[in-house]
Amino acid sequence: MNYKKSVLSIFYLMILTLFSFSANIVIQGLKGTDIFINDVYNTTIQSEQTIIEIPEGNYNIKLKKSGFTDYEKNIQLQQNSYENLIAQQIPLTRIEFNLNIPQFTVEYEYQQTKINYELKNKDYIDIPYTVKSIKIMANEYNTLEVNLNSKPFLKTTITDELLKMGYIKINTTPEKSKVYYKNEYIGETPIIIEKEKIEDIYIEKEGYIREKIENYSNQGEMTINLNKGINLSIGSNPIETAVYIDGEYKGNTPYSSMLKKGKYTITLSKFGYKTKQMYINLEKEEDYNSYYITLESMFNEINIINAKEYEINIDGVYFGNGINKIYIDDSKHSFRALNKDKNINTVIDKNIKMIDLKRTSFINVVGSENEYINMLNKSLKSPSFFNLNLISNEQPVSIKTISNNYIVNAKPGESSDLFTKEDKAMLIISSNNPNTSFYINGDYVNAQDAINKIVNPGTYNIKANFANMSEIINVDIKDNEIKYINFNFKYDIPVKIKSDTGIKVNDKNYTNIPELFYLNMGANKIEYKNEKIIIFIYEPQYIDLTSLN
């Protein structure tokens, strides 16, 4: 009997000891949430809060409820303490994947922790609906970032394409816009292209302004927002005339495009015709601005024969030998040709149709200002530049003024100078820009007079101004001497060249013709199909080499 009382006393003592070292956990969570302590199911929440009495120690507490995020916390309980847990349980949303690759990695951030899943196509994941974006990654593909706007408990299917490295997807607003690569149509948006082509991509849609892709961020996908514009339509005679808007080449006539509101300088240019410029003001979107322009022909061609052995210089620019043609403008130009035995120094203009460097003789006559000079029944004001083709090696030529008659021994492939007055000299001053302002010893001289300026012998300070550029040359000139002074300003002009084969421009080879050349103002050399031609360029120009004879 005493033995039974002793056992019972020990049992009560153990129970008392156990509860004297216990603690309480107070859990607040959603009704129906299962509670796991150290991964062992304990109970299910039935009311707003659940109290669990547990011995002191370290515990892992997990709360799980279908359709919600899990809640997990590690706690340390001491004797007679309690822990109050308020579970944050976020509704889940299901994301299903329908992609163009078999396997991939999905990453998103939740509660400042990055979470990754290795998935196969058609798999799905359940994530908190509050996640705003996910990243989809795969080897050799650009990372795809998808923005989410998920709803609790609903399913979202992501149907998209991952782009291989080196490619980009272009979207537009509005959609189905036309895409051009180097002005060649390649499809509609959305479209996938190689990244290396991005700088030559243009986007067009009727009623919207043509856009060139700029400020590319090197991402795998981009969206271009197109802006509505005002229509501009330009026709011309002849057709295939180049259209430049504010100095930028836009295409050939017939031309139609959408532009922003504002003022524009329109330049129409075609080689062989006088360039025409107009100023327009586009104001209302509903206006239809249509123009038809007729260009005036200006096709002045000088054929050069037997030029293989002659080095040619025009306006101070060296062009080498073998020049076949000069397409000259309305201005006069200094012309110099030299071989090992002979040289030609003169001034040429559009009235010359042919120069045979083995037969043509040039005679430069300097008299009094505006004195009439007559040679071979041709009468010109002084200073005069005559040329004639000789049959024999030398030929005496009669040159007459009002008071005198002179005989000059003309030689083929050479030039001769004749002064009809003593104490006279001539400056032949040229520039690569026809709008250059010249000053001789401080006095203004226009470009037309500077190319053949009669002066007295002496020392001269010659200044040339163009735009914000200025150059000065000092010269000493003697009695009955002609001096050639050339100014060359660096000023690039955009030029569109059409060719059906590779060409040389100013001695540089071009197998593939660029969209635009930027050539210095003035005379330039183009080599096309074994012909070397000189072309004068002063404004944006379109040159169709295939149309030249």
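Model, not experiment: these values are computed from the prediction. Counting starts from 1 at the beginning of each chain's written sequence and moves along it residue by residue. Residue-level local features of this predicted model are given only where pLDDT is at least 70; pairs of side-chain atoms are given and counted only at 80 or more, and the full residue set underlies all totals for whole chains, interfaces and linings. Only hydrogens and water are removed before side-chain values are computed, so all heavy atoms of the structure are retained for them.

Side note on the overall build of the chain
Along its length, the chain carries two helices and 56 strands. If you line up the chain on its principal axes, its C-alpha atoms span 170 × 45 × 45 Å. To sort residues, take the accessible area from a 1.4 Å probe on protein chains only and compare it with the maximum for the residue type: under 20% means buried, over 50% means exposed, and anything in between is partly exposed. Sorting the 549 residues of the chain into buried and exposed places 44% on the buried side. The contact criterion used is simple: two residues touch if any of their non-hydrogen atoms lie within 4.5 Å. Counting contacts in the chain only where the partners sit at least 6 residues apart, residues at least 24 apart contribute 53% of the total. Carbon and sulfur atoms make up 45% of the accessible area of the chain, which amounts to about 30,300 Å² in all. Note on conventions: DSSP H or I runs of at least 4 residues are helices, E runs of at least 2 residues are strands, and numbering of each starts at the N terminus. Accessibility throughout is a Shrake-Rupley quantity obtained with a 1.4 Å probe, and a residue counts as covered only by protein chains that appear here.

A short note on the confidence of the model for the chain
pLDDT expresses, on a scale from 0 to 100, how confident the predictor is about each individual residue. Per-residue pLDDT for the chain averages 90, and the proportion of residues at 70 or more is 95%. No element of the chain has a lower mean pLDDT than helix 1 (residues 2-20), which averages 43, and none a higher one than strand 8 (residues 92-98), which averages 97. Note that pLDDT drops below 50 for residues 1-20; the model gives that stretch three contacts with residues more than four away or on any other chain.

With respect to the environment of glutamate 196
Within the fold, glutamate 196 resides in the loop between strand 18 (191-194) and strand 19 (201-204). In the structure, glutamate 196 is positioned 28 residues away from isoleucine 168 in sequence and 9.6 Å away in space, judged by C-alpha atoms.

Comments concerning the nonpolar core
In plain words, nonpolar cores are sets of buried Ala, Val, Leu, Ile, Met, Phe, Trp, Tyr and Cys residues tied together by side-chain atoms within 4.5 Å. By size, the foremost hydrophobic cluster in this structure holds 58 residues, and its most contacted members are Ile326, Phe335, Leu357 and Leu427. The residues contacting isoleucine 326, other than those within four sequence positions of it, are Asn300, Glu301, Ile302, Ile304, Ile314, Phe335, Ile348, Ile534 and Phe536. In terms of nonpolar packing, the next biggest core, distinct from the first, is built from 22 residues, Leu99, Phe104, Leu119 and Leu144 among them.

What about the packing of aromatic side chains?
Note on ring pairs: Phe, Tyr and Trp rings are taken, using the six-membered ring of Trp, and paired if centres are within 6.5 Å. Classes follow the plane angle, with under 30 degrees stacked, over 60 edge-to-face and the rest tilted. Summed over all chains, the structure comprises 13 aromatic pairs. Measuring from centroid to centroid gives 5.8 Å for phenylalanine 36 and tyrosine 41, while their planes differ by 70 degrees, and the two rings are edge-to-face. An aromatic cluster is present here, built from Phe466, Phe489 and Tyr491 joined pairwise through their rings. Charge-over-ring contacts are defined here by two conditions on Lys NZ or Arg CZ: a distance within 6 Å of the ring centre and an angle within 35 degrees of the ring normal. Across from the ring centre of tyrosine 202, 4.1 Å away, lies the NZ or CZ of arginine 210, which sits over that ring. In this structure, lysine 212 is placed above the aromatic ring of tyrosine 202, and the distance from its NZ or CZ to the ring centre is 5.9 Å.

Observations regarding the side chain of serine 382
Considering the arrangement of structural elements, one finds serine 382 in the loop between strand 38 (378-381) and strand 39 (384-389). Apart from residues lying up to four places away in sequence, serine 382 is in contact with Val365, Val366, Gly367, Ser368, Glu369, Asn370, Glu371, Ile373 and Ile454.

Section: the sheet that holds strand 43 (residues 425-431)
One open sheet holds the three strands; their spatial order is 46-43-49, and the pairing between them is mixed. Of all strands in the sheet, those with a lone pairing partner are strand 46 (453-455) and strand 49 (482-487), marking the two edges. The mean inter-strand angle of the sheet, taken between neighbouring strand axes irrespective of direction, is 25 degrees. Whether two strands pair depends on DSSP finding at least two bridges between them. Pairing of strand 43 with strand 46 involves three bridges; the strand directions are antiparallel. Pairing of methionine 426 across the sheet is with isoleucine 454, part of strand 46. Where helices are involved, their axes are fitted lines through C-alpha atoms of the stretch in contact, as for all axes, and angles between N-to-C directions lie from 0 to 180°.

Looking at the pairing of strand 5 (residues 57-64)
Remember that side chains alternate between the two faces of the sheet whenever the strand is regular. The pairing of strand 2 (residues 34-37) with strand 5 spans four bridges and is antiparallel. Of the residues in strand 5, the one forming a bridge with phenylalanine 36 is lysine 62. Examined bridge by bridge, strand 5 and strand 6 (residues 71-77) share seven bridges and lie antiparallel to one another. Residue pairing for strand 6: tyrosine 59 is matched across the bridge by isoleucine 75. Between strand 5 and strand 6, which pair antiparallel and follow one another directly, the connecting turn spans six residues, one of which, glycine 67, has a positive phi of 90 degrees.

What about unusual backbone geometry?
Residue proline 174 is bonded to the preceding threonine 173 through a cis peptide linkage, with omega at 5 degrees. Inspection of the secondary structure puts proline 174 in the loop between strand 15 (167-173) and strand 16 (178-181). Geometrically, the link from serine 382 to proline 383 is a cis peptide bond, its omega value of -5 degrees lying close to zero. Here proline 383 is to be found in the loop between strand 38 and strand 39. In the Ramachandran plot, glutamine 111 falls in the positive-phi region, its phi being about 50 degrees despite a non-glycine side chain. Mapped onto the elements of the fold, glutamine 111 is located in the loop between strand 9 (103-110) and strand 10 (113-120). Taking relative accessible area as the criterion, glutamine 111 reaches 52% and is therefore assigned exposed. Even without being glycine, glutamate 140 reaches a positive phi, approximately 70 degrees.

A look at the sheet that holds strand 2
Backbone-to-backbone hydrogen bonds join strands into a sheet, with any given pair of strands oriented parallel or antiparallel. Judged by pairing direction, the sheet is antiparallel, and its four strands sit side by side in the order 3-2-5-6 without closing on themselves. One side of each edge strand has no neighbouring strand; the edge strands of this open sheet are strand 3 (40-44) and strand 6. Strand-to-strand twist across the sheet, computed as the mean angle between neighbouring axes with direction ignored, equals 25 degrees.

Digging into the side chain of threonine 241
Note on placement: threonine 241 falls in the loop between strand 22 (230-237) and strand 23 (242-245). The class for threonine 241 is buried, based on a relative accessible area of 0%. When neighbours within four sequence positions are excluded, threonine 241 is seen to be in contact with Ser236, Gly251, Asn252, Thr253, Leu268, Ser269, Lys270 and Leu295.

Quick look at the environment of glutamine 111
For the pair glutamine 111 and proline 383, spaced 272 residues apart in the sequence, the C-alpha separation amounts to 91 Å. At 3.0 Å, the side chain of glutamine 111 forms a polar contact with the side chain of glutamine 88. Any N or O atom pair separated by 3.5 Å or less is treated as a polar contact, with the protein-specific requirement of one donor-capable and one acceptor-capable atom, and with residues adjacent in sequence counted only for side-chain atom pairs.

With respect to the pattern of salt bridges
One side-chain nitrogen of Lys or Arg within 4 Å of one carboxyl oxygen of Asp or Glu is enough to make a salt bridge. Within this structure, the stated rule accounts for 18 salt bridges. A salt bridge links aspartate 160 to lysine 169; the nearest nitrogen and oxygen atoms lie 3.8 Å apart. For lysine 169, a relative accessible area of 14% corresponds to the buried category. Of the charged contacts, one joins lysine 197 and glutamate 194 as a salt bridge, the two residues approaching to 3.5 Å between their closest N and O atoms. Among the residues examined, lysine 197 registers a relative accessible area of 26% and is labelled partly exposed. In this structure, a network of salt bridges that share partners links the residues Lys274, Glu296, Asp330 and Lys350.

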